[in-house]
Amino acid sequence: MEDIVRIEAEKQDRYILPDPNPQSGMYYRSDHFSFARAGVPALFARGNNDSREKGIDYMSGKEKDWLANYYHKPFDEYEEWWNLDGVAEDARLLFRVGWELANQNEFPKWKDGSEFKARREKDLE
C-alpha cells in the first residue's frame with residue numbers, strides 16, 4: 001500500500017515522510033493498530049508534517065509545541081492556525097489508494113522488515 005500511496009501523493013505534488021516522532025508511539029496508539037497487530041496491512045497517515053505556505057520547519061515547531069502543551073490535555077481543541085486544506089487532499093489520496101486496492105487481484109502485503117509481516121504469513125499457512 002505504501003507504494004500506491006507514494007504514486008498517488010506524487011500526482012498531488014506531495015511526498016511521503018517517515019514518522020518524525022516515532023518515539024511518541026502514535027502508530028501503536030492509532031485506530032488501525034488492531035488490524036496491523038492481527039497481520040492485516042494498515043496505513044498510518046498524518047498530514048501535519050509540512051505546510052505548502054509556511055514550510056516544514058514551521059510545522060515541526062508547531063507539532064513539538066502541540067505535543068508538549070496540548071495533546072490529550074484540556075486545551076486539546078481546534079486551533080485557528082490549523083489549515084485543513086490538506087485534509088481534502090488526504091481524502092482524495094486515500095480514496096485513490098482504496099480504488100487501486102479494490103481493483104487488484106492480490107491482497108496487500110507487508111514489506112520486508114515489518115514487525116507484522118510474520119503474523120500475516122503465519123495466518124496464511
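Quick caveat: nothing in here was measured; it's all calculated off a predicted structure.

Conventions we followed
Residues numbered from 1 in each chain as written. Predicted model: local features only at pLDDT ≥ 70, side-chain atom pairs only at ≥ 80, totals over all residues. Heavy atoms only, no water. Phe/Tyr/Trp six-rings, centres within 6.5 Å; stacked < 30°, edge-to-face > 60°. Buried < 20%, exposed > 50% of the residue type's maximum accessible area, 1.4 Å probe, protein only. Salt bridge = Lys/Arg side-chain N within 4 Å of Asp/Glu carboxyl O. Helix = DSSP H or I, 4+ residues; strand = E, 2+ residues; numbered from the N terminus.

**Points about the packing of aromatic side chains**
Next, step 1: Enumeration according to the criterion identifies 12 aromatic pairs in this entry.
Next, step 2: Seen from their ring centres, Tyr-70 and Phe-75 are 6.4 Å apart, and the 80 degrees between their planes marks the pair as edge-to-face.
Next, step 3: For Phe-75, a relative accessible area of 55% gives the class exposed.
Next, step 4: What links up through ring pairs into an aromatic cluster is the set Tyr-27, Tyr-28, Phe-33, Phe-44, Trp-110 and Phe-116.

**Topic: the pattern of salt bridges**
Next, step 1: The final tally for this structure, using the stated rule, is 12 salt bridges.
Next, step 2: Residue Asp-90 is joined to Arg-14 by a salt bridge in which the shortest nitrogen-to-oxygen separation is 2.5 Å. With Asp-90 in helix α5 (residues 85–102) and Arg-14 in the loop between α1 (2–11) and α2 (26–29), this residue pair connects regions lying 76 residues apart in the sequence.
Next, step 3: Given a relative accessible area of 22%, Asp-90 falls into the partly exposed group.
Next, step 4: Residue Arg-52 is joined to Glu-89 by a salt bridge in which the shortest nitrogen-to-oxygen separation is 3.3 Å. One end of the pair, Arg-52, is in the loop between α3 (33–37) and α4 (56–69); the other, Glu-89, is in helix α5, with 37 residues separating them in the sequence.
Next, step 5: One salt-bridge network, held together by shared partners, links Asp-13, Arg-14, Arg-52, Glu-89 and Asp-90.

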